[in-house]
Amino acid sequence: MELADSVFMFVATMLVWIMTPGIALFYGGMVKSKNVLNTAMHSYMPLAVISILWVTIGYSISFSEGNAFFGGLDWIGLNGVGFEPGPYSDTIPHSLFMLFQMTFAVLTVSIIAGGVAERMKFSAFLLFTIIWSLFVYAPLAHWVWGGGWLAQLGTLDFAGGNVVHVSSGVTGLVLAIMLGKRKLSGENTPHNLPLTFLGATLIWFGWYGFNVGSALTINEVAMVVFVNTAVAAAAGILGWLVIEYICSRKPTMLGALSGAISGLVAITPACGFVTVPAAIIIGLIGGAVCFWGVSYLKGKLGYDDALDAFGLHGVGGTWGGIATGLFATTSVNPGGANGLLYGGFDLFWKQLVAIVATYIFVAVLTFIIAKVISYLVPLRVNEEDESLGLDITLHGEKAYHESI
């Protein structure tokens, strides 16, 4: 066991943890003032619910030895998970690796909240997150990181392009379609962009732990990941704002924040496998394609992905997985593979298989889970509650004493 690696992973875990409150603030500023607390609660509550679920059974299903699709039950209740190193790293405590992965599980659910904002019942959302985490997130994490079939196939996902971003984005999209549009959805504009700015800054700050920590050690690959994460986020801002300026002649603050998130999402699966110039390209294109997803695709298809869970995370994660298949090179990470631009056609098609499989699995299971829950409790609030605002009707409190 290495003290330096343990300290490094402790810090990385805390950085990823802070991303979830960051998501709550980011989303909270983007909704109407009468719904800010409800929206933030949707993203904040996974810190309670998913954390308990993870240590009782979720971690075992995700990472203990099992079959190609599910982990086993050996680590239920963290049985056998302690200070000694585990099978995924011989330089840090097994319990520290477990906690690091717990922050990913929590964050993924908090992202989903963006697709259902301002209209999903709080009780229905909590019930959905519990079932979804066990039957969607945990198996998917096992497929990719726990020795499951996508790992055996040879796909690459360094820090969660499929597991976190595609899964949460597709889930947000399916729920948004099932719930239908918000009342007067065409008039929905952010009520507090400084709050969104603060949230986005925390997310970006935490993302360094998210990506760099996925190396699980301080080495050359980790430093490449650090640089790639920084430049991809910067490039994402530029990619978004250039297209936004061409379309509207007005570069916006919300656009800059969304561009940063887009670049970060796009580089996540590729960050430990590509060169710095490739990371810049991935970020630039990530910002541009996510702008397309938010500004064109959503309107064209007519769904109300309220806070763009799919537009940013689904679209960005999809591009990131494809980009990994294009730009990955063993000169950066000998443990990876060469992408299409380095003669590795095999990796490219494997990445496509992983993306398609994730879309199908997540979409089908999300629909089934939400449909079952709808027979137990309504998925959507009633019109009166929605009109009055969910902060006061569901939680009995207001974010502001005066209307903003």
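In short, a report on the structure. From a predicted model like this one, the values you see are computed outputs, not experimental measurements. (Residues numbered from 1 in each chain as written. Predicted model: local features only at pLDDT ≥ 70, side-chain atom pairs only at ≥ 80, totals over all residues. Heavy atoms only, no water.)

**Regarding the nonpolar core**
(1) Moving on: Ranked by internal contacts, the top residues of the largest apolar core, which has 117 residues, are Trp132, Tyr137, Phe210 and Ile282.
(2) Moving on: A total of 14 residues in this core trace back to one element, the largest contributor, which is helix 4 (residues 94–116).
(3) Moving on: Ignoring sequence-local partners within four residues, the contact set of Ile282 consists of Ala266, Ile267, Ala270, Val274, Trp319, Ala323 and Phe327. (Core = buried A, V, L, I, M, F, W, Y, C linked by side-chain atoms within 4.5 Å. Buried < 20%, exposed > 50% of the residue type's maximum accessible area, 1.4 Å probe, protein only. Helix = DSSP H or I, 4+ residues; strand = E, 2+ residues; numbered from the N terminus. Contact = heavy atoms within 4.5 Å.)

**So, a nonpolar patch on the surface**
(1) Moving on: Side chains of Val356, Ile360, Val364, Phe367, Ile368, Val372 and Leu376 sit close together on the surface and give an oily, nonpolar patch of about 650 Å² of accessible area.
(2) Moving on: With respect to the helices, strands and loops of the structure, Ile368 is situated in helix 13 (residues 345–374). (Patch = residues over 30% accessible without salt bridge, like charges linked within 9 Å, V, L, I, M, F, W, Y side chains within 5 Å. Areas by Shrake-Rupley, 256 points an atom, 1.4 Å probe, with all protein chains shown as cover. Salt bridge = Lys/Arg side-chain N within 4 Å of Asp/Glu carboxyl O.)

**A short note on unusual backbone geometry**
Backbone geometry follows two general trends: most residues other than glycine have a negative phi, and most peptide bonds adopt the trans configuration.
(1) Moving on: In this model, Glu118 sits at a positive phi of 70°, which is unusual for a non-glycine residue.
(2) Moving on: Relative to the helices and strands, Glu118 resides in the loop between helix 4 and helix 5 (122–145).
(3) Moving on: Positive phi outside glycine occurs at Arg249, with the angle close to 65°.
(4) Moving on: Tracing the backbone shows Arg249 in the loop between helix 9 (220–248) and helix 10 (253–267).
(5) Moving on: Among the residues examined, Arg249 registers a relative accessible area of 57% and is labelled exposed.

**Some words on the pattern of salt bridges**
(1) Moving on: For the structure on display, the rule yields four salt bridges.
(2) Moving on: Note that Asp304 is salt-bridged to Arg182, the shortest N-O span being 2.9 Å. One end of the pair, Asp304, is in the loop between helix 11 (276–301) and helix 12 (309–327); the other, Arg182, is in the loop between helix 7 (161–179) and helix 8 (193–212), with 122 residues separating them in the sequence. In this pair, the class of Asp304 matches that of Arg182, namely buried.
(3) Moving on: Residues Asp308 and Lys298 are paired through a salt bridge, measuring 2.7 Å at the closest nitrogen-oxygen approach. Residue Asp308 is located in the loop between helix 11 and helix 12, and its partner Lys298 is located in helix 11; the two are separated by ten residues in the primary sequence. Side by side, Asp308 and Lys298 carry an identical accessibility label, which is buried.
(4) Moving on: Salt bridges here are not isolated pairs; linked through shared partners, they connect Glu118, Arg182 and Asp304.

**A few points about the layout of surface pockets**
(1) Moving on: Volume-wise, the second largest pocket comes out at about 470 Å³.
(2) Moving on: In terms of lining residues, the second largest pocket is bounded by 22 residues, among which Trp145, Asp157, Phe158, Ser214 and Phe273 are the most central.
(3) Moving on: In terms of residue class, the lining of the second largest pocket is made up of 14 nonpolar, seven polar and one charged. (1 Å grid on protein atoms, 1.4 Å probe; cavity = no way out; pocket = protein on both sides within 12 Å on 5 of 7 lines; lining within 4 Å. Points joined across faces, edges and corners; volume = space filled by probe spheres on them. Nonpolar A, V, L, I, M, F, W, Y, C, P; charged D, E, K, R; others polar.)

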